[in-house]
Each structure stands twice: as C-alpha cells, then as structure tokens.
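What follows is each chain in one-letter form.
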Amino acid sequence: MSLQYGQVLHYLPDFLLGAGMALWIAALAFAGGLLIGLVGAAVLTQGPLWLRLPVLGYVRFFTYTPQLVQIFFLFFALPEFGLILSPITAVLIGMTLNAGAYLTEIERAGFASVPQAELDAAETLGFSRAQTVWYVIAPHVVRTLYPSLSNHYIIMTLGTSMAAIFGVEELTGRALNANAISFRSVEIFSITAGLYIVLTIIASVLLWLVGRWLFRVKAKVF
Amino acid sequence: MSAWQILANEAPRFFTWWNMFFLGQALLNTLIASVIGCALGYALGFLLATLRLPQVMPLAPMRTAAILWVETFRRIPFLVLLLLVFFLGQALRLEAPLWAVAITAVAIRMSALAAENVRAGYDSVRPQQWEAALTMNLPALTALRRVVLPQSWRVILPPSIVHVLSMVKETSLVSQIGFIEITFAAKMLTQRGFSAMITYGTALMLYFCVSWALASLARAAERRLTARPALTIPTP
C-alpha cells in the first residue's frame, strides 16, 4: 500500500466548505431540538397526564430507534402519501426530531435542579406557566446542563455525517464524491476523519466561550 | 393511498414466514456486530483507562498515547470510521469479511467511549483507597483488581448497557458497506417492491424492541447497584 496524499490535497478547500455545512446542519437541528426539548421537559414535569403520555411516547420512540432509519422512513415512506422531501429537508427534520427527544430527556433532569423556593417566588409574583419556564427554569437548565448539552452538540455534529447517505454534500458527502473520482480512499477518509476531529475541537472551544460569556458557566473544554 | 390501504394491500404478502426468517437473521447479525464489538471495545477500553492511571503506568508518554487514542476516536463519526476501516482493509489486501469490518469498527468506536466510562468509574473511588492499598505494599495491578475495581462496578455497569444500546443503533450505518443487518434487510425488502412504510416501519419496531429490552436491563442494573447500602460510602 502506498499513500499518495499529494493527489488529494486539492480537495481540501472543498472539504472545508463541507465542514462548515456540517456545523450549520448541527446548529439548526440543535436549536430546533432545544426548543422541542424545553417544551417536552416542561410537559413531562408539569403537564397533565393526557399530554405527558404522548410526549413520553415520542421521547421513547426517537431515543430507542436509530436516527438513520428514522430519516430513511421520512425520506422513502412519506412520498407514498404524496409528501416528497428534499434530502436536506428530510435530514434536518429527522435530526431535529431526534435531537428534541434526547434534549427532552436531558432537560428534564435539569428541571429537577431548580430550587423550589424560586418556583414559589415565581408563583407569588403571578407568573404564568410559560413565564415560569422561560424566566426561572430555563436559566437554571442552561447552567446545570451545560456539560451534557455541549456534549450532545458534539454528538450531533458527528451525526451530520449520515446526511451523506441521502446525498447532502456536507463533509462526508464530499469525501464520498472525491473518493468516487480519485479512488484514493484511505487518504481521503483519513483527511475527513482529521477534519472532523478539528471541527469538533473548534465546536468545543466555541461552546466553552458561549457558556463562559452568556451564562457564566465554569466548565472544562475537554 | 392512505396508510391503511397500503397496509391492507401488502401486509399478507409481507408478513410471510420467509420474510420474517430473513428479518430474524438480520436481527441476529445486528446483535452479533454490536454485542461482540462492544465486548472487544470494552476490553480495549479497560486497557486504555488503566493505562491512564499514574499508579499503574509510570511512563507519561504511554498515558498521553492512551488519552490521544480516546480523544481521536471519540471525535470521528462512526460512518467515517467504518469507511476508513473498510478501505484500509482493502488497501492492505486483508480480504476481511464484512462482519469482521463491522465488528472492528464497532470495537474501535466503543473502546473510546468505554475508556471514558471506565475512567469515570475509577474516579468515583476515593483516592484514599488507592493510597491505603499502595501503602500496604499491594502491587498496583492487585490493588486495582482487588480494591478499586470492585468499588467502581457500580458506576461502570449501568452506562455500559446504555452504550450497547447506542451501538445497536449505530450499527444501522453498517448497512452502507453491505453487511446484512436490520437496516440493510429493510432496504433489500423495499427494493423487492414492498412499501417503504412497511419495511422501514418493521425495522423501526425491531430496533425499538431490542432497545427497550436493553434499557429495561440498564434501569434494573442501576436500581440494584445503587440501592445496596454496602457500596455507598459516606463522604467525610
């Protein structure tokens, strides 16, 4: 086996664009998932039973089945009912729903960390349910759950690689294309792997800065 | 067509004995890849986590190498890792069968996750236990095996079952190299003309059942292991 990295280096700018796209997909799906998770966790801890059961079903279903098969279902089964999704839409919807389920589980644990006195104070001040969630519970959730949330963001950044299977040209998709053209498989996929390592380290540092400045979280980067 | 019409039309043709036998074999392949891969990965993970202990490994470069291995493979997507193992096997002309590629990829990915998990277990044991064992002149490995490990199972075991669960889900990506596990079987059945709703719906149900069983096991393990008073050491 001889490695010829010189022959594939000209793909690097293309790959970097793909890496940027992977970060965007992960960020969009994470933001959507965070909102779903906040609503889901609020329902699970405070909502009535008839709302709790469907939310619990949603969480169980999406956390117990692979994200890939969920997106396969969206992409291949929905056209049978006349709903045709483009690859990127299917991937974004699938990843958002999947992230929503995991973040519901994570955020529910954070809800337990809110001191009862603050909830009582909110009630005394006449806050509505929604106001309590937004002004009292959410800041606590962000601070105590910072490590698990940033960890999940990293997992989602890695998860964007499965968008390649549906033909989305993010980092792995571009690597597959370059592989089909040049047949330098080992070189291309080792470069891709290296880029993912760099990408997730950059994401870790950015998350650390965001946590530090916006929420004054004192956490380690690694 | 509505979902019920598709189901009514295709269910009698789909749920035949042969199709179920085919899916059963695929389920077995999924379980083989994830369980054997996880077992190998955990063996490697124990080794890596132990190499990171300064009590056991006095050589700093070895400790750094163990950390680098973990940090590297934690940050590579499973799909890319799988393709890398697959193409590396081809480039080295190993002629490895697909199940071997799948198990190797799962084991490498798992070793990184397992090492973090085992390290958390080791860290949960108070340092005084190490100091006492080493002061009594126990060799480091004996101290690890007889003193530290029995106390850290409580922390290691429940997440490790959850890790097997997540690997069962990750192995759906192995369909991309053509290993016939549940996802690839669903794909093949779709290509034979069955409705994607039924094939992928069945695949989702199979994954759900396996995951549900594993999650129940993890919850039971957690309840049993954390309820035992002998293991909860009061902090000073």
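Rules used in this analysis
- Residues numbered from 1 in each chain as written.
- Chains lettered and ligands numbered in written order.
- Predicted model: local features only at pLDDT ≥ 70, side-chain atom pairs only at ≥ 80, totals over all residues.
- Heavy atoms only, no water.
- Patch = residues over 30% accessible without salt bridge, like charges linked within 9 Å, V, L, I, M, F, W, Y side chains within 5 Å.
- Areas by Shrake-Rupley, 256 points an atom, 1.4 Å probe, with all protein chains shown as cover.
- Salt bridge = Lys/Arg side-chain N within 4 Å of Asp/Glu carboxyl O.
- Helix = DSSP H or I, 4+ residues; strand = E, 2+ residues; numbered from the N terminus.
- Buried < 20%, exposed > 50% of the residue type's maximum accessible area, 1.4 Å probe, protein only.
- Expected span 1.5 Å × (residues − 1).
- Contact = heavy atoms within 4.5 Å.
- Buried area = accessible area lost by both parts, 1.4 Å probe.
- Polar contact = N/O pair within 3.5 Å; in protein donor to acceptor, adjacent residues only side chain to side chain.
- Phe/Tyr/Trp six-rings, centres within 6.5 Å; stacked < 30°, edge-to-face > 60°.
- Lys NZ or Arg CZ within 6 Å of the ring centre and 35° of its normal.

(A) A look at a nonpolar patch on the surface. Residue and element names in this part refer to chain A. On the surface, a nonpolar cluster with roughly 500 Å² of combined accessible area is contributed by L125, F127, W134 and Y135. Within the secondary structure layout, F127 lies in the loop between α5 (116-124) and α6 (129-144). A residue is classified by how much of its surface remains accessible, and F127, at 31% relative accessible area, is partly exposed.

(B) Quick look at the pattern of salt bridges. All names here are of chain A. Counted according to the given criterion, the structure contains nine salt bridges over all chains. Of the charged contacts in the structure, one is a salt bridge between E187 and R184, with a shortest N-O distance of 3.3 Å. Bridged by salt links that share partners, the residues R60, E105 and R108 form one connected network.

(C) Molecular detail of helix α8 (residues 171-182) of chain A. Residues and elements named next belong to chain A. In this model α8 runs 16 Å from its N-terminal to its C-terminal C-alpha over twelve residues, within 8% of the 16 Å that 1.5 Å per residue would give. When α8 is considered as a whole, its buried residues turn out to be L171, T172, G173, R174, A175, A178 and N179. A positive backbone phi angle near 60 degrees is found at F183, which sits one or two residues after α8.

(D) The interface of chain B and chain A, seen in detail. At the junction of the two partners, chain B supplies 40 residues and chain A supplies 37 residues. Roughly 3300 Å² of surface becomes buried between chain B and chain A when both sides are summed, with 77% attributable to carbon and sulfur atoms. Counting the contacts that link chain B with chain A gives zero salt bridges. The interface formed by chain B and chain A holds seven residue pairs in polar contact (both at pLDDT 80 or more) in total. Here the element with the most residues in the side of chain B that touches chain A is helix α9 (residues 196-227) of chain B; it accounts for 13 residues.

(E) Just unusual backbone geometry, in detail. Residue and element names in this part refer to chain B. In this model, E95 sits at a positive phi of 55 degrees, which is unusual for a non-glycine residue. Here E95 shows up in the loop between α4 (78-91) and α5 (98-124). Positive phi outside glycine occurs at N137, with the angle close to 65 degrees. Looking at the element boundaries, N137 is found in the loop between α6 (127-135) and α7 (140-170). On the accessibility criterion, N137 (67% relative accessible area) is exposed.

(F) Expanded view of the packing of aromatic side chains. In the structure shown here, the tally under the stated rule is 22 aromatic pairs over all chains. Within the aromatic cluster, the residues linked to one another by ring pairs are A:Y58, A:F61, A:F62, A:Y64 and B:F208. The aromatic ring of B:F22 is capped on one face by B:R192, whose charged end is 5.3 Å from the ring centroid.

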